[in-house]
Amino acid sequence: MSSPGEYYNSLPPITKAYGTLCFFTTVAKQLGLLSPAYIALLPELVIKQFQIWRLVTTFFYLGGFSINFGIRLLMIARYGVLLEKGPFERRTADFLWMMIFGSFTLLVLSVIPFFWTPFLGVSLVFMLLYLWSREFPNANISLYGLVTLKAFYLPWAMLALDVIFGSPIMPDLLGIIAGHLYYFLTVLHPLATGKNYLKTPKWVNRIVARYRIGGPVASVRQAGGVGAAGTGSGGAVGGGGAYSSARAPPESSNTAFRGRSYRLTD
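The chain has the name Derlin in an unreviewed UniProt entry, where Capsella rubella is given as its organism. Per UniProt, the chain has the following entry under Sequence similarities (unreviewed entry): "Belongs to the derlin family." In its Subcellular location (unreviewed entry) section, the UniProt record describing the chain reads: "Endoplasmic reticulum membrane".

This part is about the overall build of the chain. Helix and strand counts for the chain come out as 11 helices and 2 strands. Put simply, the chain has 266 residues, and 52% of those count as buried. Long-range pairs, those at least 24 residues apart, make up 71% of the contacts in the chain with a sequence separation of at least 6. Accessible area of the chain: about 12800 Å², with a carbon and sulfur share of 65%.

Taken as a whole, this structure holds 14 aromatic pairs when the rule is applied. Ring geometry for phenylalanine 101 and tyrosine 182: centres 6.0 Å apart, planes at 50 degrees, overall tilted. One end of the pair, phenylalanine 101, is in helix α7 (residues 92–110); the other, tyrosine 182, is in helix α10 (residues 170–193), with 81 residues separating them in the sequence. On the accessibility criterion, phenylalanine 101 (11% relative accessible area) is buried.

A few words now on the environment of asparagine 140. The topology assignment puts asparagine 140 in strand β1 (residues 140–143). For asparagine 140 and alanine 151, which are 11 residues apart along the polypeptide, the C-alpha to C-alpha distance reads 6.0 Å. A distance of 3.1 Å separates polar atoms of two side chains, one belonging to asparagine 140 and the other to lysine 150.

Turning next to the nonpolar core. Tyr18, Met98 and Trp132 are the most contacted members of the largest nonpolar core, which has 57 residues in total. At the level of secondary structure, the elements contributing two or more residues to this core comprise α2 (13–30), α6 (67–85), α7, α8 (121–135), β1, α9 (154–164), α10 and α11 (202–210). Not counting the four nearest positions on each side in its chain, tyrosine 18 is found in contact with Phe59, Phe60, Ile76, Met99, Gly121, Leu124 and Val125. The next biggest cluster of nonpolar side chains, apart from the first, holds 6 residues, and it includes Ile39, Ala40, Leu42 and Leu45.

Now for the confidence of the model for the chain. Of the residues in the chain, 80% reach a pLDDT of 70 or more, and the chain-wide mean stands at 82. Below a pLDDT of 50 lies the segment residues 219–263, which in the model reaches 152 contacts outside its immediate sequence neighbourhood of four places, other chains included.

Within this structure's numbering, the places UniProt gives as "transmembrane region" (unreviewed entry) are residues 17–41, 53–76, 96–129, 141–161 and 173–192. Here residues 96–129 runs as 71% helix and 0% strand, with 16 Å between its end C-alpha atoms. What you have in residues 173–192 is 100% helix and 0% strand, and the ends, taken at the C-alpha atoms, are 26 Å apart.

This part covers unusual backbone geometry. Its identity is not glycine, yet phenylalanine 50 carries a phi of approximately 55 degrees, on the positive side. Tracing the backbone shows phenylalanine 50 in the loop between α4 (43–48) and α5 (54–57). A relative accessible area of 59% places phenylalanine 50 in the exposed class. One non-glycine residue, arginine 212, lies in positive phi territory at about 50 degrees. On the secondary structure map, arginine 212 appears in the segment after α11. Relative accessible area serves as the criterion here: at 75%, arginine 212 is assigned to the exposed category.

The rules behind these values
- Residues numbered from 1 in each chain as written.
- Predicted model: local features only at pLDDT ≥ 70, side-chain atom pairs only at ≥ 80, totals over all residues.
- Heavy atoms only, no water.
- UniProt positions renumbered as here; feature names shortened; annotations may be inferred.
- Helix = DSSP H or I, 4+ residues; strand = E, 2+ residues; numbered from the N terminus.
- Buried < 20%, exposed > 50% of the residue type's maximum accessible area, 1.4 Å probe, protein only.
- Contact = heavy atoms within 4.5 Å.
- Areas by Shrake-Rupley, 256 points an atom, 1.4 Å probe, with all protein chains shown as cover.
- Phe/Tyr/Trp six-rings, centres within 6.5 Å; stacked < 30°, edge-to-face > 60°.
- Polar contact = N/O pair within 3.5 Å; in protein donor to acceptor, adjacent residues only side chain to side chain.
- Core = buried A, V, L, I, M, F, W, Y, C linked by side-chain atoms within 4.5 Å.
- pLDDT = per-residue confidence, 0-100.

Dropping the structure here:
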């Protein structure tokens, strides 16, 4: 059995960096060094007072120390790692681009008053869960040891639990929308038309190469005859951070985690 330090060092770079930022953001809040109101996504302050850091910090707050906070970190460690070490293995630039595109999509959706939420961390985590569920739809999941269901239905089951327990479902819903948009543009649309409009930009590849993030790009088998593998063009379907739907599912998860939302005053 590996030690906590060994486990942490074994995590893939993007997932490790994101989870670490979320953890220390909450630590700073608990120590009174940081107020959630200072990092929340408040459009009027972004526009009128040019507090542009809110466009980034909104993704790093998962709530105060609680069971729900721990569950959210476990979701990152579970589904983020499975994605980055599975479909995105040795394709760090594609995974980073997926995170960037997902974040941008969530920010755009938050401009709509109906969808606005002050913190988008849970939404980004839920997007990872949704994409994992689409990549491994036939994996069997035991939901709190009570119900066994296919991974494809897990995001919706977790959203339903939020409804039952009276938690806001908007962060979950936003994550599903962002995840499905990415999946549609990189998998479904390229398979139907042969065109991929969401290839990983060259500047993302340059960032990964310059700072030596992750391992070297590996050749990835084309799926459905669409797209091309190789540096700068992505890997599987569409060549821009998409997935191969022909992969075998991993071992079934023992437990499914549910991440609740939060209040601005947490």
